[in-house]
Amino acid sequence: MVFALPVLLVFLLFSWGPIVKGLVMSLQQTNLVDPVKWVGLENFRYVLADPAVGQATVNTVWFTLLALLFGFPLPVLLAMFLSELRGRSWAYTTLAYLPVITPPVVAILLWRFFYDPSPNGMFNGILGVFGLGPFPWLDSPHSAMPSIVLEATWAGAGNAVIIYLAALTSVRTDLYEAAELDGAGIVRRVWHVMLPHLRGVLLLMLLLQVIGTMQLFTEPLLFTGGGPQNSTLTILLLIYNYAFVNGDYGAATALSVLLAVALAVLSAGFQLATRRWSTE
Amino acid sequence: MSAERGLLSQTDRLRRRVRVPFVIGQVVVFAGLLVAGLGPFLWLLKAAISPTQDSIRKPLAVFPSGEVQWQNLATAWQQGHVGYYLGNTAIIAAGTALGSLIVCTTAGYVLSVLRPRWGSVLSAAILVTLFVPHIVSLVPLYLTVLKLPVVHTNLTNTFWAVWLPPAASAFNVLIVKRFFDSIPREYFEAARIDGAGSLRVFTALVLPLSRPILGVVLLLSIISSWKDYLWPLLVLTNPDLQPISVALPKIAKVTELNIQLAGLFLALLIPVALFLVFQRAFLRGVGLSGGIKA
């Protein structure tokens, strides 16, 4: 059974091991210098009492809601449209996927330049033509998070488009034909054939997007460092600060476990609530 | 030809009330995608060879001062060490891809072809990790790499720290296993009767047959390793080993804007080129990932 060795070793060391270790560590106090101390739920008490956690939770949920609002419907509509193209649709999908290929750090540094708050800035310049702005973008606590959402939506939409497109290729075309024979117009065919077919994927992508956006990190770190006035401090950024700035690994893992439990409860609840819709 | 239809039928497409809005829609969507997808890339190309003042004062104009600074790219490559960091990135991506391939092909072989009695347990244990958010293991994974269990080696500031952890990808194992499942069992039986051992069946039969899926795994892991930021930031603190993603924000702090933008352009060029060359395999891989999650 030599063949099972790589997978066993790698998963033991870098997947199963750390997961178990994370659960244990959340109950310990450890800073890598002093001996490990068992503190029970103390880390959780500490984390829950930290006002920054409340702020980070609100920010993260706010980000997730905004990201769903901007980022969820757009790829669905785009994929539905692209699936009807004949011939040149590869040009569309390639263009839609280019932002996904862009390394996040490159995208962020570029967009940070685009978000220049002066009237000459890239976006302010464009909007200025229509008599809008100048907007402060990342410099104001009110617009910093929406600005990050805008970039994240741009960066991620292509991925969702491809997945919806793949799902749409498996619609049985005789259903469209049957609907058409029954006198269904285009809108009703979208509503009664196309969307129901996508339902399973849509629900899944919704859940995955929520789980993904709750773990936002690189964008706030490089765009704003969590500011201005902590308005873009996310839970993951806080975990990073706990562990790698303050060296409090116990608090960091306790917060990670809390987030993971919240996500697990969310997905379980979501699955239960939507079970009836997703199995036709 | 009826299989060729989608939501719109041939008669729909010929009807004026459908055709006109549909064509207008195509133009609008294509223009939007051009601006959003290609726009930033083209602008970055222009800015990479422009003087700083041009990009700051009139970002929307094409070479307002009439000056084209091709030397920005060379300066970024040499003085900004972009070339060096890209080299690091390539080493990291290549090692990650190789590690992933070794793990997912051998695992797929065990689970799909050899099928030992404990295979289902292993399968379930791998599947479970898909449902645990990565965040739970970020900090403990870092501590693991800091001091590897049993052997007590410190992997930080070695490439092993970025090569090995991504190899534990349940997703890769599952898509490869699924592909192996689709190879007819008769092939294996025939090979066995001809006297081939497990190793020979693996190298001479399974691997050559599964080239398409291995290409997908290879591409997906190269690109995701190219995009990674947080993990190399944590485990590669020695600047000599860092990939371009970790180096760029630091370069950005100390260099002039035109050199900085030239660096960004160079960092973007390779993933985009890779994507354009292997576009079909790539998009298929993403489509697959949606399929397996569903």
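On a predicted model such as this, the values are computed, not experimentally measured, just so you know.

A. Representation of the overall build of chain A in the model. In terms of helices and strands, chain A carries 13 helices and two strands. In terms of principal-axis extent, the alpha carbons of chain A reach across some 75 × 60 × 40 Å. Looking at the 280 residues of chain A, the share that counts as buried comes to 52%. Here the contacts in chain A between residues at least 6 apart in sequence split such that 66% fall between residues at least 24 apart. Entry remark: accessible area of chain A is about 12800 Å², with carbon and sulfur atoms responsible for 67%.

B. Broad picture of the overall build of chain B. The secondary structure content of chain B amounts to 16 helices and zero strands. Expressed along its principal axes, the backbone C-alpha trace of chain B runs to roughly 75 × 70 × 35 Å. Of the accessible surface of chain B, which amounts to about 14200 Å², a share of 65% is contributed by carbon and sulfur atoms. With 24 positive and 11 negative side-chain charges, chain B shows a spacing of 7 Å between the two charge centroids.

C. Representation of the UniProt feature "transmembrane region" (unreviewed entry) in chain B. If you check UniProt for "transmembrane region" (unreviewed entry), the listed places come out as residues 20-45, 90-114, 121-143, 163-180, 201-226 and 259-278 of chain B in our numbering. Secondary structure across residues 259-278 of chain B comprises 95% helix and 0% strand; the distance between its end C-alpha atoms is 29 Å.

D. View of the domain arrangement of chain A. Residues and elements named next belong to chain A. What the domain assignment reports for chain A is domain 1 (19-49 + 248-280) and domain 2 (60-240). Computed from C-alpha atoms alone, the centre-to-centre distance between domain 1 and domain 2 is 29 Å. Between domain 1 and domain 2, the contact holds 13 residues from the first and twelve residues from the second. Three residues stand out in domain 1 for area buried against domain 2, namely Leu259, Leu263 and Phe270, and they jointly supply 41% of the buried area on that side. Put simply, domain 1 and domain 2 have zero salt bridges between them. If you look at where domain 1 meets domain 2, you find zero residue pairs in polar contact (both at pLDDT 80 or more).

E. Structural context of the UniProt feature "domain: ABC transmembrane type-1" (unreviewed entry) in chain B. Per the UniProt record, "domain: ABC transmembrane type-1" (unreviewed entry) is annotated on residues 86-278 of chain B. Here residues 86-278 of chain B is 75% helix and 0% strand, with 20 Å between the C-alpha atoms at its ends.

F. Region of the structure containing the UniProt feature "transmembrane region" (unreviewed entry) in chain A. Residues and elements named next belong to chain A. Those places that UniProt annotates as "transmembrane region" (unreviewed entry) correspond, in this numbering, to residues 61-82, 94-115, 121-138, 150-170, 190-208, 220-243 and 249-270. Helix makes up 95% of residues 61-82 and strand 0%, whereas the separation of the span's terminal C-alpha atoms amounts to 31 Å. From the first C-alpha to the last, residues 121-138 spans 12 Å; its make-up is 44% helix and 0% strand.

G. Representation of the interface of chain B and chain A in the model. Contact with chain B, which involves 99 residues of that partner, is made by 83 residues of chain A. Summed over both partners, the interface of chain B with chain A buries about 7900 Å², with 81% contributed by carbon and sulfur atoms. One can count zero salt bridges joining chain B with chain A. One can count nine residue pairs in polar contact (both at pLDDT 80 or more) joining chain B with chain A. Per-element accounting of the side of chain B that touches chain A gives the leading share, 14 residues, to helix 2 (residues 16-48) of chain B. Grouping the amino acids of the side of chain B that touches chain A by side-chain chemistry returns 72 nonpolar, 20 polar and seven charged.

H. Representation of the domain arrangement of chain B. Residue and element names in this part refer to chain B. If you check the domain split of chain B, you get domain 1 (2-74) and domain 2 (82-287). Domain 1 and domain 2 are separated by 33 Å when their C-alpha centres are compared. Contact residues are listed per partner, giving 14 residues for domain 1 and twelve residues for domain 2. Buried surface at the junction of domain 1 and domain 2, both sides included, amounts to about 1100 Å², of which 80% is carbon and sulfur. When the buried area of domain 1 at its contact with domain 2 is split by residue, Phe41, Leu44 and Thr52 rank highest and sum to 50% of it. Where domain 1 packs against domain 2, one counts zero salt bridges. Across the domain 1-domain 2 interface, the total number found is three residue pairs in polar contact (both at pLDDT 80 or more). When residues of the side of domain 1 that touches domain 2 are traced back to their parent elements, those giving at least two are helix 2, helix 3 (52-57) and helix 4 (71-78). Considering each element in turn, the side of domain 1 that touches domain 2 owes the most residues, six residues, to helix 2. Taken together, the residues that form the side of domain 1 that touches domain 2 break down as nine nonpolar, five polar and no charged.

I. Just the environment of Leu114 of chain B, in detail. Following the sequence through the fold, Leu114 of chain B ends up in helix 5 (residues 82-114). Ignoring any residue separated from it by four or fewer positions in sequence, one finds Leu114 of chain B in contact with Met1 and Phe3 of chain A together with Tyr109, Arg192 and Ser198 of chain B.

J. Quick look at the side chain of Gln279 of chain B. Within the secondary structure, Gln279 of chain B sits in helix 16 (residues 279-293). Given the relative accessible area of 13%, Gln279 of chain B is considered buried. When neighbours within four sequence positions are excluded, Gln279 of chain B is seen to be in contact with Trp90 and Thr94 of chain A.

K. Up close: the side chain of Thr144 of chain B. On the secondary structure map, Thr144 of chain B appears in helix 7 (residues 135-146). Here Pro140 of chain B takes part through its backbone oxygen, which lies 2.7 Å from a polar atom of the side chain of Thr144 of chain B. Every residue in contact with Thr144 of chain B, bar those within four places of it in the chain, is listed here: Leu13, Pro18 and Lys21 of chain A together with Pro149 of chain B.

Thresholds applied
- Residues numbered from 1 in each chain as written.
- Chains lettered and ligands numbered in written order.
- Predicted model: local features only at pLDDT ≥ 70, side-chain atom pairs only at ≥ 80, totals over all residues.
- Heavy atoms only, no water.
- Helix = DSSP H or I, 4+ residues; strand = E, 2+ residues; numbered from the N terminus.
- Buried < 20%, exposed > 50% of the residue type's maximum accessible area, 1.4 Å probe, protein only.
- Contact = heavy atoms within 4.5 Å.
- Areas by Shrake-Rupley, 256 points an atom, 1.4 Å probe, with all protein chains shown as cover.
- Lys, Arg positive; Asp, Glu negative; His and termini not counted.
- Charge placed at Lys NZ, Arg CZ, Asp CG, Glu CD.
- UniProt positions renumbered as here; feature names shortened; annotations may be inferred.
- Domains from an automatic or database assignment.
- Buried area = accessible area lost by both parts, 1.4 Å probe.
- Salt bridge = Lys/Arg side-chain N within 4 Å of Asp/Glu carboxyl O.
- Polar contact = N/O pair within 3.5 Å; in protein donor to acceptor, adjacent residues only side chain to side chain.
- Nonpolar A, V, L, I, M, F, W, Y, C, P; charged D, E, K, R; others polar.

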